[in-house]
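# Close look at the chain arrangement
Here are the chains, one letter per residue:
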Amino acid sequence: MSGFVFNEKPIQIERGDGAYVYDDGTEYLDMGASYACVPLGHGHPAVQEAVSDQLEKITYVQASYPNAERTALYDLLADTAPDPINKTWLCNSGTEANEAALKFARSATGNSKIVATMQGFHGRTMGALATTWKNKYKKPYEPLIGDVEFVPYDDSEALDEAVDEDTAAFIVEPVQGEGGINPASDGYLEAAREITEDAGAALIFDEVQTGMGRTGALWNSQRADVAPDMITAAKGLGNGLPVGTTLCRDWIAEDYGSHASTFSGGPVISAAAGATVSTVVEDDVPENAAAMGDYLQTELEAAVGDDVRDIRGEGLMIGVEVGRGANAALKELALNHQVLALPAGRTVVRLLPPLTIDESHADAVVDALSEVVG
Ligand SMILES: Cc1ncc(COP(=O)(O)O)c(C=O)c1O
């Protein structure tokens, strides 16, 4: 038997510590944080301890039975989410969080039309996939759910034309990740709030990648000062354990329809997410992400600004648009410089490091990138 979905790389990773992962004797700087899944770095003691303690008590109990770790997580998420968001649905991944958000929006509004953005990415289950832009991901599985209209990202006028009285939701990433690291301009998210509110449609911020402090605030919506109707999150929420969430305002939660999943909010992932969110908040991790993001972008601009097409991003969500295929640059970074990064489309090298990095980690990636693209 063998796996068939992922093309395996020639590096076998068995151990991680902070910003580094290890293949036998070789140390790699993990500037992708395993797809943004370890915002506190690998093996963070607060998360390890919370999970070990919980494993000693009970591994799993279904969400109909209250459990202290889950209840604490509900409270923590309500306390740290932008007001008036105060209800949460827990699941296992980003695509499930979006799938639930789309269902909740349809149920709460009684409408079916979903507006999504070109170049957007929201996951690969059938509903979330229908709101994802790239045809390559969708074509083999069509027909997907209907009634999805795509609008250009960052274009308030096009959004205003698309959102109407039949619209259930507009789903948007506050900074597009997979689509190439595209931050929204000032005013776009505010306009999205106004347009959806006027139409009675739900505004969903997909913060699967931007959440957990990555762009300089726990949630990007707080940085943008816009409170959507739902925020979806996953990736870094459990610092490596599989947990996702759909955070909702009351009017969505009150009329969510009939949704459920066996593995919603188990105590182990609740302990992991609780420890991760508390540590991110208590250690001012978003502040470090903002400061290190500025430092990294400034240093990259100085070192390779003339050799690449663009450097852009928010906080520690940074894209370097190289003048050739990103995959060749990524291979060279990994094999010759022991730096692991990610692609975002064909031409962008994406940096999503742990949010706890310091200047020495940033300098190391700048040096490596200078040699690869300089
Ligand atoms: C913005 C965004 N939404 C949703 C997803 C899907 O999350 P998952 O892979 O956990 O299903 C991703 C994954 O990359 C993402 O970046």
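The preceding data block contains the structure.
Description of the structure in this document. (Residues numbered from 1 in each chain as written. Predicted model: local features only at pLDDT ≥ 70, side-chain atom pairs only at ≥ 80, totals over all residues. Heavy atoms only, no water.)

Along the backbone of the protein there are 14 helices and 17 strands. With the C-alpha coordinates aligned to their principal axes, the bounding extent of the protein is approximately 55 × 55 × 45 Å. When each of the 374 residues of the protein is scored for burial, the buried share is 54%. On the protein, roughly 16300 Å² of surface is accessible, and the fraction owed to carbon and sulfur atoms is 47%. (Helix = DSSP H or I, 4+ residues; strand = E, 2+ residues; numbered from the N terminus. Buried < 20%, exposed > 50% of the residue type's maximum accessible area, 1.4 Å probe, protein only. Areas by Shrake-Rupley, 256 points an atom, 1.4 Å probe, with all protein chains shown as cover.)

Alternating residues of strand β11 (residues 230–233) divide into Met230 and Thr232 and Ile231 and Ala233, and every residue in both groups is buried. Pairing analysis gives 3 bridges linking strand β10 (residues 202–206) to β11, with the strands arranged parallel. Its bridge partner lying in β11, Phe205 is registered against Ile231. Bridge analysis of β11 against strand β12 (residues 244–248) gives 4 bridges, and the strand direction is antiparallel. Within β12, the residue paired with Ile231 across the bridge is Leu247. (Pairing = 2+ DSSP bridges.)

Turning to the side chain of Arg193, a few remarks are in order. Take Arg193: it is sitting in helix α8 (residues 188–199). Residue Arg193 is classed as buried on the basis of its relative accessible area, which comes to 12%. At 3.0 Å, the side chain of Arg193 and the backbone oxygen of Ala227 are in polar contact. Apart from residues no more than four positions distant in its own chain, Arg193 is found in contact with Ala201, Leu203, Val226, Ala227, Pro228, Asp229 and Arg249. (Polar contact = N/O pair within 3.5 Å; in protein donor to acceptor, adjacent residues only side chain to side chain. Contact = heavy atoms within 4.5 Å.)

Spatially, β4-β12-β11-β10-β7-β5-β6 is the arrangement adopted by the 7 strands of the open sheet, whose pairing is mixed. The open sheet is flanked by β4 (87–91) and β6 (148–151), the only strands paired with a single partner. Each strand axis lies, on average, 20 degrees off the axis of its neighbour in the sheet, ignoring direction. Lying on the sheet, helix α3 (residues 68–80) is in contact with β4 and β12; it crosses β4 at an angle near 125 degrees. Where α8 meets the sheet, its contacts fall on β5 (113–117), β7 (167–172) and β10, and the angle it forms with β10 comes to roughly 150 degrees. (Axes fitted to C-alpha atoms, helices over the stretch in contact; angles between N-to-C directions.)

Together, Arg124, Lys134, Lys136 and Arg346 give the surface a local cluster of positive charge. The topology assignment puts Arg124 in the loop between β5 and α5 (126–130). (Patch = residues over 30% accessible without salt bridge, like charges linked within 9 Å, V, L, I, M, F, W, Y side chains within 5 Å. Salt bridge = Lys/Arg side-chain N within 4 Å of Asp/Glu carboxyl O. Lys, Arg positive; Asp, Glu negative; His and termini not counted. Charge placed at Lys NZ, Arg CZ, Asp CG, Glu CD.)

The next point concerns the nonpolar core. In terms of nonpolar packing, the biggest core is built from 58 residues, with Met31, Leu296, Leu300, Val320, Leu333, Val349 and Leu351 touching the most fellow members. Of the residues forming this core, the biggest block, 8 residues, is contributed by helix α11 (residues 267–282). A domain split of this core shows at least three residues from each of domain 1 (15–43 + 284–373) and domain 2 (45–282). Excluding residues that lie within four positions of it along the chain, Val349 makes contacts with Ile318, Gly319, Val320, Val322, Ala326, Ala329, Leu330, Leu333, Ala341 and Leu342. (Core = buried A, V, L, I, M, F, W, Y, C linked by side-chain atoms within 4.5 Å. Domains from an automatic or database assignment.)

What follows deals with the packing of aromatic side chains. Applying the stated criterion to the full structure yields 5 aromatic pairs. Summarising the aromatic geometry, the rings of Phe121 and Tyr137 are spaced 5.7 Å apart at their centres and angled 80 degrees between planes, so their arrangement reads as edge-to-face. Of this pair, Phe121 sits in the loop between β5 and α5 while Tyr137 sits in helix α6 (residues 135–138), placing them 16 residues apart in sequence. Note on Tyr137: relative accessible area 11%, which makes it buried. Ring centres 5.2 Å apart and planes at 70 degrees place the aromatic pair Trp133 and Phe150 in the edge-to-face group. (Phe/Tyr/Trp six-rings, centres within 6.5 Å; stacked < 30°, edge-to-face > 60°.)

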